[in-house]
Amino acid sequence: MTNQTGTRATTGTLIVKGTVALIAALLLFAPFLFQDVRSLEVAARICIFIVLVASFDLLIGYTGIVSFAHTMFFGFGAYGAAILLKQMGPGWTPVLLGAVAGVAVSIVFAVAIGLLSLRVKAIFFAMITLAAASVVLVLASQLSHLTGGEDGITYKAPDLFKPATKLLTDADGKVLKVFGVRMNGKLAAYYFVFASCLVLFLVMLRFTVSPVGTVLKAIRENEARAEAIGYRVVAYRTFVFCLSAAIASLAGTVYAVWLKYTGPDTALSFAIMIDILLMVVIGGMGTMWGAVIGAVLLTLAQYYLRDLMGAASAALEGVPILPELTAPDRWLFWLGIIFILLVYFFPKGIAGTAMEKGARS
């Protein structure tokens, strides 16, 4: 009986892990599989949001901490790199200094918020983090001499990532093409994003199966019991809050280097926080694999659902009502319907429900 149950549980887990492995392979070869500019932008955004969602899941899924300040830490990393790249010029020194500065500021804020607020009930802590994020967003908009205000900051990335940079050349000295893809700085920039996000994701994955990760799960399940057996709950929760903030900050730095623009809408907007929450719910809380699935599905829907609806509307032309219902302008309505259906049929997220059904089937 035990072996049978273990096999069933393994089947569900293997299906999810196999899906994640397929997604990783597609992202690895994205420049060669999808050679238009838009697809590469989507692939890079997916990489960034996988890390961002996974770092948020460390809080809400593994520790039970509800925070609305995650985009604030993301913004610290992005603005850290952006400000220094603008002032010091393109190079690796401003990127590294910006990353360190963003992480340092994020940890300071995380410690302050954690020590002051993690003793209160979940809803009050969530409101405190929301207030802190709102204050930072207002400051970023008002300190225009430093942050560029509402217009944001435009800057140049390191020379390696310039489209004119030749990574490989042919006999004539021209940029070499491999399977139709130019070996230039744009390709280097994408693989910088992919490699950075892969390392950050693997660090979080290793952390969740460490002894500290096990303690965090115990705190999530029964905080009073964990404290009764000797664990300092506030210290552990503050630590994971700082770790999550640092990783989100590093993701912001990577995104800033890729985008070559940082502003309130790209780094600090509350809409980003909503996206993160939706991705966590779609993928499944308490599993790193769910972060990958949720980030991929929502990002693809945001970029391509409108196009699919436009094609459907054109195909249904002449049919009463349906062309209007499938008009591209109504893509948010259908995205909401899809989200409701996903929550109904996958109450623990796609990854969580699949793993649970695999154990019961």
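Being a predicted model, the structure only gives us computed values, none of them experimental.

A.B. asks: Describe the overall build of the protein chain, with residues and values.
C.D. replies: Looking only at helices and strands, the protein chain has 17 helices and four strands in total. Against the 2.2 N^0.38 benchmark of 21 Å for 361 residues, the protein chain shows a C-alpha radius of gyration of 22 Å, consistent with a compact globule. Seen through its principal axes, the protein chain has C-alpha atoms that stretch 70 × 55 × 45 Å. The buried share of the protein chain, taken over its 361 residues, is 48%. For the protein chain, the proportion of contacts with a sequence separation of at least 24, taken over those separated by at least 6, is 74%. With the model as given, the accessible surface of the protein chain reaches about 17,700 Å², and the carbon-plus-sulfur share is 69%.

A.B. asks: Describe the pattern of salt bridges, and please don't skip the residues or the numbers.
C.D. replies: Summed over all chains, the structure comprises five salt bridges. Linking R45 and D275 is a salt bridge whose minimum nitrogen-to-oxygen distance equals 3.9 Å. One end of the pair, R45, is in helix α3 (residues 37-60); the other, D275, is in helix α13 (residues 270-283), and 230 residues separate them in sequence. Classification of R45 by relative accessible area gives buried; the value is 14%. You can call D275 buried: its relative accessible area is 12%.

A.B. asks: Tell me about a nonpolar patch on the surface, and please be specific about residues and values.
C.D. replies: Together, L22, L26, L28, F29, L33 and F34 make up an exposed nonpolar region whose accessible area comes to about 530 Å². If you tally residues by element for the nonpolar patch, the top one is helix α1 (residues 2-28), at three residues. Relative to the helices and strands, F34 resides in the loop between α2 (30-33) and α3. The exposure class of F34 is partly exposed, given its relative accessible area of 38%.

A.B. asks: Can you tell me about the packing of α3 against α13, naming the residues and giving the values?
C.D. replies: Their axes nearest at 9 Å, the elements α3 and α13 cross at an angle of 75°. Between α3 and α13, the angle falls in the class roughly perpendicular. Two secondary-structure elements touch here, α3 through R45, F49, L52, V53, F56, D57 and I60 and α13 through I272, M273, D275, I276, L277, M279 and V280. Taken together, the residues of the contact of α3 with α13 sort by class into 11 nonpolar, no polar and three charged.

A.B. asks: So what's going on with the packing of aromatic side chains? Residues and values would help.
C.D. replies: Here the structure, examined in full by the defined rule, presents 15 aromatic pairs. Pairing F68 with F270 gives two aromatic rings, centres 6.3 Å apart and planes at 65°, and the pair type is edge-to-face. Placement of F68 in the loop between α3 and α4 (70-88) and of F270 in helix α13 is noted, with a sequence separation of 202 residues between them. Centre to centre, the rings of Y190 and Y191 are 5.4 Å apart; their planes meet at 75°, and the pair counts as edge-to-face. Using a relative accessible area of 0% as the deciding quantity, one classes Y190 as buried. Through successive ring pairs, a cluster of aromatic residues spans F73, F76, F109 and F241. Over the ring of W258 we find K186, and its NZ or CZ is 4.3 Å from the ring centre.

A.B. asks: Tell me about unusual backbone geometry, residues and numbers included.
C.D. replies: Of note, the phi angle at K260 is positive, near 60°, even though the residue is not glycine. For K260, a relative accessible area of 25% translates into the label partly exposed.

A.B. asks: Give me the confidence of the model for the protein chain: which residues, what numbers.
C.D. replies: Per-residue confidence for the protein chain gives a mean pLDDT of 85; residues scoring 70 or more make up 95%. When pLDDT is averaged over each element of the protein chain, α4 comes out on top at 93 and helix α17 (residues 349-360) at the bottom at 74. Contacts for the low-pLDDT stretch residues 1-8, under 50 throughout, to residues beyond four places or in other chains number three contacts.

A.B. asks: Could you give an account of α3, naming the residues involved and the relevant values?
C.D. replies: Counted at 1.5 Å a residue, the expected span for α3 with its 24 residues is 34 Å, and the 34 Å between its end C-alpha atoms agrees. Of all 24 residues that make up α3, 21 are buried, and the element is covered over most of its length.

A.B. asks: Quick rundown of the nonpolar core? Include the residues and the values.
C.D. replies: The biggest cluster of nonpolar side chains holds 101 residues, and the ones touching the most others in it are L27, M72, F73, Y190, V193, W258 and I276. Setting aside residues up to four positions removed in sequence, Y190 forms contacts with L27, A30, P31, L40, A43, A44, C47 and W258.

Cut-offs and rules
- Residues numbered from 1 in each chain as written.
- Predicted model: local features only at pLDDT ≥ 70, side-chain atom pairs only at ≥ 80, totals over all residues.
- Heavy atoms only, no water.
- Helix = DSSP H or I, 4+ residues; strand = E, 2+ residues; numbered from the N terminus.
- Rg over C-alpha atoms; globule rule 2.2 N^0.38 Å.
- Buried < 20%, exposed > 50% of the residue type's maximum accessible area, 1.4 Å probe, protein only.
- Contact = heavy atoms within 4.5 Å.
- Areas by Shrake-Rupley, 256 points an atom, 1.4 Å probe, with all protein chains shown as cover.
- Salt bridge = Lys/Arg side-chain N within 4 Å of Asp/Glu carboxyl O.
- Patch = residues over 30% accessible without salt bridge, like charges linked within 9 Å, V, L, I, M, F, W, Y side chains within 5 Å.
- Axes fitted to C-alpha atoms, helices over the stretch in contact; angles between N-to-C directions.
- Parallel < 35°, antiparallel > 145°, perpendicular 65-115°, else oblique.
- Nonpolar A, V, L, I, M, F, W, Y, C, P; charged D, E, K, R; others polar.
- Phe/Tyr/Trp six-rings, centres within 6.5 Å; stacked < 30°, edge-to-face > 60°.
- Lys NZ or Arg CZ within 6 Å of the ring centre and 35° of its normal.
- pLDDT = per-residue confidence, 0-100.
- Expected span 1.5 Å × (residues − 1).
- Core = buried A, V, L, I, M, F, W, Y, C linked by side-chain atoms within 4.5 Å.

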